[in-house]
Amino acid sequence: MESAPLQQGQWPVLKYAELRDTLSAVHLWTQIVGKIRLRQTPWLNHSWHVTLYVSSQGLTTGSMPYEHGIFQIDFDFHHHQLVITTSKGSRETVALSARTVADFYTEVMQKLKAAGVPVNIHKMPSEMEGAVPFDEDHVQRAYDPQRMEDYWQALVKVHNVLSRFRTRFTGKSSPVHLFWGGFDLAVTRFSGRDAPPHPGKAPHMPAVIMQESYSKEVSSCGCWPGNEQYPHVAFYAYCYPGNAAFGEQAVQPAAAFYSKDLGEFLLNYDEVQQADDPEETLMAFLQTTYEACANTADWDRKALECDFSWLDQQYGCYKEV
């Protein structure tokens, strides 16, 4: 059953049970593409070199170096295809459709070779319990184009709010990017101080990678599609290192809550989607959970925060033309 067309400004309705099978396939496909980026791109702090980005078509790797220039891989959720392009003019496509992961992996590698970009990757999915190598995963996977487009359109909405939230911080801050390990769209702020060694526990993930990723104090937030244990698309916010007082802080909106099991605040996507002003509802969650971290961890907020709204109003995105 197709979803009704979205009205201007409307956030799509997302139900985990309807999205689960399609997102399970796409999650694994993004792992294949993400591992290609991992192989081809120089290492950047906190593994930022491996992430994907929300684009006007879907998700993108952005430019990656190869022997003859640069290449790019895009998930196009308008036309439901994977697009591989190079600075030498090559263009190859792979259909996004119901198929096995092994079939998708094989075709992507063939199309990369045809484009002049032969790549070898580690074939085991990361951060996934019970995973099998991509080329051995012969389970038929579902793909519902409308469900995927709905989820991507939600990511577009979330991306824009996270981007605005990111501008309120003059300290070190990550891009708004999608980590294909957990399949979450995230942005992270840093206090500038070192953090204690991370325990480094994640399936098929070397401890040293986790330890470098969490080598500094952070306040992180994002959007996650849920899982069988928590079957809801949700927003999250956490701090590292954690502290007991963080989860005791009052945050907004009232529907947000702290999960002791996960060690983070959660706000179900439905609460934002159904709000009178979804953007400001999500912004309130992002801001108050950041403050919960910064205040309880004694961050130097005066030095780290900023407000450029006056520049936006005079010169930027809020100026009437």
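Residues numbered from 1 in each chain as written. Predicted model: local features only at pLDDT ≥ 70, side-chain atom pairs only at ≥ 80, totals over all residues. Heavy atoms only, no water.

A. Up close: a nonpolar patch on the surface. A cluster of nonpolar side chains, namely Phe308, Trp310, Leu311 and Tyr315, defines an oily patch on the protein surface of about 470 Å² accessible area. Mapped onto the elements, leucine 311 comes out in helix α8 (residues 309–315). A residue is classified by how much of its surface remains accessible, and leucine 311, at 31% relative accessible area, is partly exposed. (Patch = residues over 30% accessible without salt bridge, like charges linked within 9 Å, V, L, I, M, F, W, Y side chains within 5 Å. Areas by Shrake-Rupley, 256 points an atom, 1.4 Å probe, with all protein chains shown as cover. Salt bridge = Lys/Arg side-chain N within 4 Å of Asp/Glu carboxyl O. Helix = DSSP H or I, 4+ residues; strand = E, 2+ residues; numbered from the N terminus. Buried < 20%, exposed > 50% of the residue type's maximum accessible area, 1.4 Å probe, protein only.)

B. A look at the nonpolar core. The biggest cluster of nonpolar side chains holds 79 residues, and the ones touching the most others in it are Ile36, Phe75, Leu112 and Phe235. Residues within four places of phenylalanine 235 in sequence aside, it is in contact with Trp11, Val158, Gly222, Cys223, Phe265, Leu266, Leu267, Tyr269, Val272, Leu282 and Phe285. (Core = buried A, V, L, I, M, F, W, Y, C linked by side-chain atoms within 4.5 Å. Contact = heavy atoms within 4.5 Å.)

C. View of unusual backbone geometry. The omega torsion across tyrosine 240 and proline 241 is 0 degrees, close enough to zero to call that bond cis. On the secondary structure map, proline 241 appears in the loop between β12 (234–240) and β13 (257–259). The linkage connecting glutamine 252 with the following residue, proline 253, adopts the cis geometry, with an omega of -5 degrees. Positive phi, normally seen in glycine, also occurs at histidine 80, with a value near 55 degrees. Residue position: histidine 80 is located in the loop between β4 (69–76) and β5 (81–86). The backbone of phenylalanine 183 sits at a positive phi, close to 60 degrees, despite the residue not being glycine. With respect to the helices and strands, the residue phenylalanine 183 is situated in the loop between β9 (177–179) and β10 (184–194).

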